[in-house]
Amino acid sequence: MHEEKYTVETESPVRIDRYLSSVSDLSRTRVQELCEEGKVKVNGKSVKSSFKVEEGMEITAEVPENTEIEVLPENIPLDILYEDSDIIVINKPKGMVVHPAPGNEHGTLVNALLYHCHDLSGINGKIRPGIVHRIDKDTTGCLVACKNDMAHRAIAAQLADKTCHREYKTVVEGILEHDAAVIDAPIGRDPRDRQRMAVTDIHSREARTHYRVLERFPDTTYAECRLETGRTHQIRVHMKYCGHPVVGDEKYGHKCKIMDTQGQVLHAYKLTLIHPSSGKEMSFEAPLPAYFEELLALLRKQKG
């Protein structure tokens, strides 16, 4: 257990769960849980999550330490696009989380990799062995994991200097006006909701997404996106920012109207990197998943 203290700085009264989640690493849900347990106090008195704090009030939060997660190998089938002694490239299915977290310790890509591989890089710690980059739970497609620290450092360096290229296919709401464009807008934590990212100038990092239109439908656009940077939820946030959220993305847009896409229609179809041992450029492609193909067929049928 450790104690966190804050002095409220706000121009108008605001709920303590909203305020505390904006100034700390705690999510709004976690703040609400701590309030229910009596671990959040204002000026020495326990308060409910709906309590409104004002300028100058003193907040104290008692936060339990995170428990260590035991990550176990699990016999989960993997769609392997490529594998050697340094790297393994996976076509990740929809619904699979990349690495374990509290409350979600099983069924992840890391659990599957630990069963399949004898060795994984250890740079990212016990709960993220081999993981050098991630894609969201409901995003499908190419992801590379590293089997040793040398490979991990090499791929991480390529991601940092933009010599590792990641390309996606998506369907977005509305009609993209330009055939190709670059979205250049900084991304940071959404100050109103810690579970989301947003285009913002507050504690943000540069972010650039290149897109190219593949096909237009009456109410949607099929597009290809290339990441120049790799911020959390980057394509999803950038497309929302330009008024065309990814179809099926309920976090940043809306549920798909014509079929159940089980989340955002976003597929990491191509990954290009320099092999850490051979120095040769290699490209890997993951075919569109069945649900994506079905959606395109329905959209083309509507188009006539």
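Up top you'll find the structure we're talking about.
Residues numbered from 1 in each chain as written. Predicted model: local features only at pLDDT ≥ 70, side-chain atom pairs only at ≥ 80, totals over all residues. Heavy atoms only, no water.

J.: For this particular structure, what's the right way to read the nonpolar core?
T.: In summary, soluble globular proteins display a tendency toward joint burial of nonpolar side chains. Membership of the largest hydrophobic core comes to 41 residues, with the highest contact counts inside it found for L113, Y168, V171, V265 and F292. The residues contacting V265, other than those within four sequence positions of it, are K169, T170, V171, V246, V247, Y291, F292 and L295. V14, Y19, C35 and A61 belong to the second-largest nonpolar core, a separate cluster that totals 18 residues. (Core = buried A, V, L, I, M, F, W, Y, C linked by side-chain atoms within 4.5 Å. Buried < 20%, exposed > 50% of the residue type's maximum accessible area, 1.4 Å probe, protein only. Contact = heavy atoms within 4.5 Å.)

J.: Even after reading the chapter, I still don't get the pattern of salt bridges, so can you show me in this structure?
T.: In a structure, side chains of opposite charge can pair up when their charged atoms sit close to one another. Per the counting criterion, the structure on display carries 16 salt bridges. Taking the shortest distance from any N to any O, the salt bridge between D17 and R15 comes out at 2.9 Å. Two residues, R216 and D179, come together in a salt bridge whose shortest N-O distance is 2.9 Å. Of this pair, R216 sits in strand β14 (residues 208-216) while D179 sits in the loop between β10 (165-173) and β11 (180-184), and the two are 37 residues apart along the sequence. Its relative accessible area of 27% is what places R216 among the partly exposed residues. (Salt bridge = Lys/Arg side-chain N within 4 Å of Asp/Glu carboxyl O. Helix = DSSP H or I, 4+ residues; strand = E, 2+ residues; numbered from the N terminus.)

J.: Any chance you could explain the environment of I155 here in plain terms?
T.: Within the secondary structure, I155 sits in helix α4 (residues 149-161). For the pair I155 and I274, spaced 119 residues apart in sequence, the C-alpha to C-alpha distance is 7.8 Å.

J.: Please explain the sheet that holds strand β6 (residues 58-63) as it appears in this structure.
T.: Strands in a sheet are paired, the pairing made by backbone hydrogen bonds, and the direction either parallel or antiparallel. Strands sit in the order β1-β6-β3-β4 across an open sheet of 4 strands; the sheet is antiparallel. The strands lining the two open edges of the sheet, one partner per strand, are β1 (2-7) and β4 (45-46). Examined bridge by bridge, strand β3 (residues 40-42) and β4 share 2 bridges and lie antiparallel to one another. Bridge assignment links V42 to a residue of β4, and that residue is K45. Strands in contact with helix α1 (residues 16-23) are β1, β3 and β6; relative to β6, the strand with the most contacts, it is inclined by about 75°. (Pairing = 2+ DSSP bridges. Axes fitted to C-alpha atoms, helices over the stretch in contact; angles between N-to-C directions.)

J.: Could you clarify how one ought to interpret the side chain of K92 in this entry?
T.: Along the chain, K92 turns up in strand β8 (residues 87-92). Of note is the side chain of K92, whose polar atom sits 3.3 Å from the backbone oxygen of D136. Residues contacting K92, with those up to four places away along its chain left out, are V98, I135, D136, K137, T139, T140 and G141. (Polar contact = N/O pair within 3.5 Å; in protein donor to acceptor, adjacent residues only side chain to side chain.)

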